[in-house]
Amino acid sequence: MKPIQVGLLGIGVVGSGTFNVLKRNQEEIKRRAGRGIEITMVADLNVARAQELVGPDVTVVNDARAVIANPDIDIVIELIGGYGIAKALVLEAIAAGKHVVTANKALLAVHGTEIFAAASAKGVMVAFEAAVAGGIPIIKALREGLTANRIQWVAGIINGTTNFILSEMRDKGLDFGVVLKEAQRLGYAEADPTFDIEGVDAAHKATLMSAIAFGIPVQFDKAYVEGITKLGAADIKYAEQLGYRIKLLGITKRVANGVELRVHPCLIPAKRLIANVEGAMNAVVVQGDAVGTTLYYGKGAGSEPTASAVIADLVDITRLESADPLHRVPHLAFQPNAMSDLAVLPMSEVVTSYYLRLRVADETGVLAKVTGILAESGISIDAVLQREADEVAGNSGVPQTDVIILTHDCVEAKMNAAIAHMQALPSVLEPITRIRKEELA
Ligand code: HSE
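Here the structure is a predicted model, which means the values were calculated and not measured.

(A) Here's a closer look at the overall build of the protein chain. Broken down by element type, the protein chain carries 15 helices and 17 strands. Taken over C-alpha atoms, the radius of gyration comes to 24 Å for the protein chain, in line with the 22 Å a tight globule of 441 residues would show. Each of the three principal axes of the protein chain carries a C-alpha extent, and together these read 80 × 45 × 35 Å. Taken over 441 residues, the protein chain has a buried fraction of 55%. Put simply, 74% of the contacts in the protein chain that link residues at least 6 apart link residues at least 24 apart. Accessible surface computed for the protein chain: about 18500 Å², of which carbon and sulfur atoms make up 53%.

(B) Focus on the environment of Lys30. Structurally, Lys30 can be placed in helix H2 (residues 26-33). The spatial distance from the C-alpha of Lys30 to the C-alpha of Gln51 is 24 Å, given a sequence separation of 21 residues. When sequence neighbours within four positions are dropped, the list of residues in contact with Lys30 reads Arg35 and Gly36.

(C) Spatial organisation of the layout of surface pockets. Put simply, the largest pocket is a space of about 1100 Å³. Along its surface, the largest pocket is lined by 40 residues, and Lys105, Glu190, Asp196, Asp201 and Ala301 are the ones closest to its centre. Broken down by secondary-structure element, the contributors of at least two residues to the lining of the largest pocket are helix H1 (13-24), helix H6 (105-122), helix H8 (160-172), helix H10 (194-197), helix H11 (200-214) and strand S11 (281-288). Tallied by class, the residues present in the lining of the largest pocket amount to 18 nonpolar, 14 polar and 8 charged. Two domains each put at least three residues into the lining of the largest pocket: domain 1 (4-134 + 303-338) and domain 2 (138-299).

(D) Region of the structure containing the site of the ligand. Surrounding the ligand, one finds Lys105, Asn159, Gly160, Thr161, Asp196, Asp201, Lys205 and Ala301. With respect to the ligand, the side chain of Thr161 contributes an N or O atom lying 2.5 Å from an oxygen atom. Between the ligand and Asp201 there is a distance of 3.0 Å, counted from an oxygen atom to a side-chain nitrogen or oxygen. When the ligand is considered free in solution it has 260 Å² of accessible area, and contact with the protein chains removes 82% of it. Taking a 2 Å distance to the grid points as the criterion, the majority of the atoms of the ligand fall inside the largest pocket. For the shell around the ligand, the secondary structure elements donating two or more residues are H8 and H11. Its residues assigned to classes, the shell around the ligand comprises 1 nonpolar, 3 polar and 4 charged.

(E) Local environment of the side chain of Lys253. Mapped onto the elements of the fold, Lys253 is located in strand S9 (residues 244-255). Residue Lys253 is classed as buried on the basis of its relative accessible area, which comes to 17%. Within the structure, Lys253 has its side chain in polar contact with the side chain of Glu438 (distance 3.1 Å). If near-sequence neighbours (up to four positions away) are discounted, Lys253 is found in contact with Gln152, Trp153, Phe214, Gly258, Val259, Glu260, Arg262 and Glu438.

(F) Spatial organisation of the packing of aromatic side chains. Tallied over the full model, the rule gives 2 aromatic pairs. Taking 5.5 Å as the distance between ring centres and 45 degrees as the angle between the ring planes, the aromatic pair formed by Phe116 and Phe128 counts as tilted. In this pair, Phe116 is assigned in helix H6 and Phe128 in the loop between strand S6 (126-127) and helix H7 (138-145), connecting sequence segments 12 residues apart. Accessibility assignment for this pair places Phe116 and Phe128 in one class, buried. Taken together, a centroid distance of 3.9 Å and an interplanar angle of 10 degrees make the contact between Phe164 and Tyr188 stacked. With Phe164 in helix H8 and Tyr188 in the loop between helix H9 (176-186) and H10, this pair connects stretches of sequence that are 24 residues apart. Relative accessible area serves as the criterion here: at 8%, Phe164 is assigned to the buried category. Since its relative accessible area comes to 42%, Tyr188 is described here as partly exposed.

(G) Representation of the pattern of salt bridges. For the structure shown, the criterion picks out 25 salt bridges. Of the charged contacts, one joins Arg65 and Glu92 as a salt bridge, the two residues approaching to 2.6 Å between their closest N and O atoms. One end of the pair, Arg65, is in helix H4 (residues 64-69); the other, Glu92, is in helix H5 (residues 85-95), with 27 residues separating them in the sequence. Among the residues examined, Arg65 registers a relative accessible area of 38% and is labelled partly exposed. Three or more residues are tied together by salt bridges with common partners; here these are Arg170, Glu240, Arg245, Lys247 and Glu278.

(H) Molecular detail of the pairing of S9. For S9, the tally of buried residues reaches 10 of 12 residues, placing the bulk of the element in the interior. As judged from the 4 bridges shared by strand S7 (residues 151-157) and S9, these two strands associate in the antiparallel manner. When the bridges of S9 are listed, Trp153 appears paired with Lys253. Relative to strand S10 (residues 258-269), S9 runs antiparallel, the two being bridged by 12 bridges.

The rules behind each value
Residues numbered from 1 in each chain as written. Predicted model: local features only at pLDDT ≥ 70, side-chain atom pairs only at ≥ 80, totals over all residues. Heavy atoms only, no water. Helix = DSSP H or I, 4+ residues; strand = E, 2+ residues; numbered from the N terminus. Rg over C-alpha atoms; globule rule 2.2 N^0.38 Å. Buried < 20%, exposed > 50% of the residue type's maximum accessible area, 1.4 Å probe, protein only. Contact = heavy atoms within 4.5 Å. Areas by Shrake-Rupley, 256 points an atom, 1.4 Å probe, with all protein chains shown as cover. 1 Å grid on protein atoms, 1.4 Å probe; cavity = no way out; pocket = protein on both sides within 12 Å on 5 of 7 lines; lining within 4 Å. Points joined across faces, edges and corners; volume = space filled by probe spheres on them. Nonpolar A, V, L, I, M, F, W, Y, C, P; charged D, E, K, R; others polar. Domains from an automatic or database assignment. Near = heavy atom within 4 Å. Polar contact = N/O pair within 3.5 Å; in protein donor to acceptor, adjacent residues only side chain to side chain. Sits in = over half its atoms within 2 Å of the grid points. Phe/Tyr/Trp six-rings, centres within 6.5 Å; stacked < 30°, edge-to-face > 60°. Salt bridge = Lys/Arg side-chain N within 4 Å of Asp/Glu carboxyl O. Pairing = 2+ DSSP bridges.

Interpretation note: all reported values are geometric properties and have no functional meaning in isolation.
Pasting the structure below:
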């Protein structure tokens, strides 16, 4: 059978990795797919550089639409990124009857509903293993490997940049800003790191996981998103003293009245395997009712790790290309006519436990007032840690200290009100730090 022909839109880090791995492992891949898979056409603005990367046998153009218009191309790989031209090209490729493979989490998290509907109507596949956690086959695991389960929750370290920064902050006792600059110098963080450090990239990925875990539409606009920019070295140190690590987690959870979808820094017990995922690595924990807890670990970015996921999608499509579209694995794991209308809950309705750090004047009765407010609010305290005042004295002459409180579970709205109440105490000297805590048990 003649090889399946693939057109590549954008040959940057992931595109060149895809080209190289496909070429290097072509025999092995053909044995698996039942048919050769060849990138025969590439579109990139830098034609000369692209031609140099792929050699003379591949057609290189600067117009992505020429790839889509080529009737010999069966699958289009979109590696341009963003919501702009990438969206138009993906929809045009679908309209032209091409299957699409993309690593574009932003595009699918925001416009997935439209894109998957267009693909279903046209009977083509849109595959996106590379969009979540790079080389880790988490989409495959959620969509197929765990298909027997009622998934209860998914929690992941799904942004390598922020995990690298948090690991460095913990190792070296440095604050966020210092480590970010170093991460940029070393190439671990981009010149504009906003999407990573503000949690947006992780929220795109969590949104996709929530859809395939629970059979709900992709709803990035409903996700709660909080990044790591306000974390201080002191919180990481105090968490450690209490037996926890702080990680930026993407969490999606099925609860009685809906689905939680949130990204924020989170204390997790240091003894959990996922708490020990360091540097730029990614890991995802999935809890299913039958299988229990499962953990997936690996590189969440990079040329060949991401290419590994892109090519897995190419093989899937090649195997299923001739299958009746109705009998393929659905894009979002659940049959399109069996999607759930479970609501994504606002953050105020989320139930979790908390780490609070209060900078207070070290005076008689302060702790009693603070704990009194928590008690009046019906919030149960799990642990309290107070530093010696002379270790942390401020400049004003008034002795100051940090009071750290771990709470049991409570609904976020109740915690918001209690924090506002405590913040109003004259002895509370700085904005209260609140970090959510998950036991992941
Ligand atoms: N910038 C992402 C990360 C990789 O740091 O994990 C691509 O999503």
